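Here's the letter readout for the chains.
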Amino acid sequence: MSPLNLYGHSKQKFDIWAKEQGVLNRIVGLKYFNVFGPSEYHKREMQSMVRRGYLQVLDSGKIRLFKSYNPKYADGEQERDFLYLKDAVEMTLFFLDNSQVGRIFNAGTGVARTWNELTDALFKTMDREVTVEYIDMPDAIRAQFQYRTCATIDKIRKAGYSRPITSLEDATTDYIQNYLLSNKRLS
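Now for a description of the structure that goes with this document.

What counts as what
The written sequence of each chain sets the order in which its residues are numbered from 1. Local features are withheld for residues below a pLDDT of 70 in this predicted model, meaning they are given only at 70 or higher, and side-chain atom pairs are given and counted only at 80 or more; totals for whole chains, interfaces and linings count all residues. Excluding hydrogens and water, the side-chain values take into account all heavy atoms of the structure. In this text, buried Ala, Val, Leu, Ile, Met, Phe, Trp, Tyr and Cys residues form a nonpolar core when linked through side-chain atoms within 4.5 Å. For the exposure calls, accessible area comes from a 1.4 Å probe over protein chains only, and a residue counts as buried if that area is under 20% of its type's maximum, exposed if over 50%, partly exposed in between. Secondary structure follows DSSP: runs of H or I at least 4 residues long count as helices, runs of E at least 2 residues long count as strands, and numbering of each begins at the N terminus. Whether two residues touch is decided by their heavy atoms; if any such pair falls within 4.5 Å, the residues are in contact. The criterion for strand pairing is that DSSP finds at least two bridges linking the strands in question. Axes here mean lines fitted to C-alpha atoms, for a helix over just the part in contact, with angles spanning 0 to 180 degrees between N-to-C directions. What sets the label is the angle itself: under 35 degrees gives roughly parallel, over 145 gives roughly antiparallel, 65 to 115 gives roughly perpendicular, and the rest give oblique. If you view the pair so one helix is near and one far, a crossing is left-handed when the near helix is turned anticlockwise from the far one by less than a right angle, and right-handed when it is turned clockwise. Identification of polar contacts relies on pairs of N or O atoms within 3.5 Å, with a donor-acceptor requirement for protein atoms, meaning one able to donate a hydrogen and the other able to accept it, and with residues adjacent in sequence counted only if both atoms are side-chain atoms. A pairing counts as a salt bridge when a side-chain nitrogen of Lys or Arg comes within 4 Å of a carboxyl oxygen of Asp or Glu. Under this rule, positive means Lys or Arg and negative means Asp or Glu; His and the chain ends count for nothing. Nonpolar side chains (Val, Leu, Ile, Met, Phe, Trp, Tyr) are joined into patches within 5 Å and like charges within 9 Å, using only residues with over 30% relative accessible area and no salt bridge. Note that accessible areas follow from Shrake-Rupley with a 1.4 Å probe, and for residues the cover is restricted to the protein chains shown.

1. Describing the nonpolar core
Within the largest apolar cluster, 25 residues are counted, with the highest numbers of intra-cluster contacts made by Phe36, Val50, Ile63, Leu122, Tyr175 and Ile176. Elements that contribute at least two residues to this core include exactly helix H2 (49-60), strand E3 (63-66), helix H4 (115-125) and helix H7 (168-180). At six residues, H7 tops the list of elements feeding residues into this core. Apart from residues no more than four positions distant in its own chain, Ile63 is found in contact with Met49, Gly53, Gln56, Val57, Thr119, Leu122, Phe123, Thr131, Val132 and Glu133. Of all hydrophobic cores here, the second largest spans 13 residues; its members include Ala88, Phe94, Val101 and Ile153.

This is the structure we're talking about:
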């Protein structure tokens, strides 16, 4: 597999470096999938669609999603493994408590969900009718756009991480109700 962007290249370089150094089993590398949650304000245009969508709904009453340019996916049916920040933190802390475990692990839910499902969860939490506008995808990202990402999490489960992972619906509700509505930061 060939990485599609700088972030993907950095993950691949870490894998290669750890193998070359012979430290693959003595260090932990985590590959985080589509993390969203409290305190992502600093990410500007790279903020999650939950935060951006929340602001779009407040501003215009609708969410804007990219149209699909892949005939295998309808508009809004592109898939992502959306991981709530609180779960990402728990996964990370697991390795602090289990220092004998080393390798490279995916940090995700193991479940691919669509942008439409994320949108439905967001509107439900905001107690509003779902209104989506599908917009053209910028030419600059169209060629490398990923239509599906999903973490394989069997390695982290086999390493002993057994906590349940928050559903997209529950995570969206917690984030909006307990953080975005009150502009509260995670502390």
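2. Some words on the pairing of strand E6 (residues 103-107)
Counting buried residues along E6, four of its five residues qualify, which places the element largely inside the surrounding structure. Sheet topology places strand E1 (residues 28-32) next to E6; five bridges connect them, and they run parallel. The partner of Leu30 across the bridge, within E6, is Phe105.

3. Examining the packing of H2 against H4
Viewed as axis vectors pointing N to C, H2 and H4 meet at an angle of 55°, and their least axial separation amounts to 10 Å. Here H2 lies oblique to H4, going by the angle between them. As H2 packs across H4, the resulting crossing turns out to be right-handed. On H4, the residues that touch Met49, Val50, Gly53, Tyr54 and Val57 of H2 are Trp115, Leu118, Leu122 and Phe123.

4. Some points on the environment of Tyr32
Tracing the sequence through the fold places Tyr32 in strand E1. With 116 residues separating them in the primary sequence, Tyr32 and Arg148 have C-alpha atoms 15 Å apart. In terms of polar contacts, Tyr32 uses its side chain to reach the side chain of Thr92, at 2.6 Å.

5. Focus on the pattern of salt bridges
Here the structure, examined in full by the defined rule, presents nine salt bridges. Residue Lys43 pairs with Glu40 through a salt bridge whose shortest N-O separation is 3.7 Å. Taking the relative accessible area as the measure of exposure, Glu40 reaches 3% and is therefore buried. When the shortest N-O distance is used, the salt bridge between Glu90 and Arg163 registers 3.2 Å. With Glu90 in helix H3 (residues 85-97) and Arg163 in the loop between helix H6 (154-158) and H7, the pair connects residues that are 73 residues apart, well separated along the chain. Accessibility expressed as a relative area gives 28% for Glu90, which makes it partly exposed. Given a relative accessible area of 44%, Arg163 falls into the partly exposed group. Residues joined in a network through salt bridges with shared partners are Arg113, Glu117 and Glu169.

6. Remarks on the environment of Asn106
Of note, Asn106 is situated in strand E6. A C-alpha to C-alpha distance of 30 Å links Asn106 and Leu55, two positions 51 residues apart in sequence. Once residues within four sequence positions are removed from consideration, Asn106 is found in contact with Lys31, Phe33, Ala151, Thr152, Ile153 and Ile156.

7. A few points about the side chain of Asp87
With respect to the secondary-structure elements, Asp87 resides in helix H3. An unpaired buried charge is present at Asp87: no salt bridge exists, and Arg163, the closest side chain of opposite charge, is 6.2 Å distant. With residues up to four places along the chain from it excluded, the contact list for Asp87 reads Tyr161, Pro164, Ile165 and Thr166.

8. Here's the deal with a nonpolar patch on the surface
A cluster of nonpolar side chains, Val89, Leu93 and Leu96, forms an exposed patch at the surface whose accessible area comes to about 270 Å². Note on placement: Leu96 falls in helix H3.

9. Focus: the packing of H4 against H7
Two quantities define a packed helix pair, namely the angle between the axes and the distance from one axis to the other. Between H4 and H7, the shortest axis-to-axis distance is 9 Å and the interhelical angle comes to 45°. Regarding the angle of H4 to H7, the classification is oblique. Regarding H4 and H7, the two cross each other, and that crossing is right-handed. Of H7, the residues touching H4 (which contributes Glu117, Leu118, Ala121, Leu122 and Thr125) are Leu168, Glu169, Thr172, Thr173, Ile176 and Gln177.

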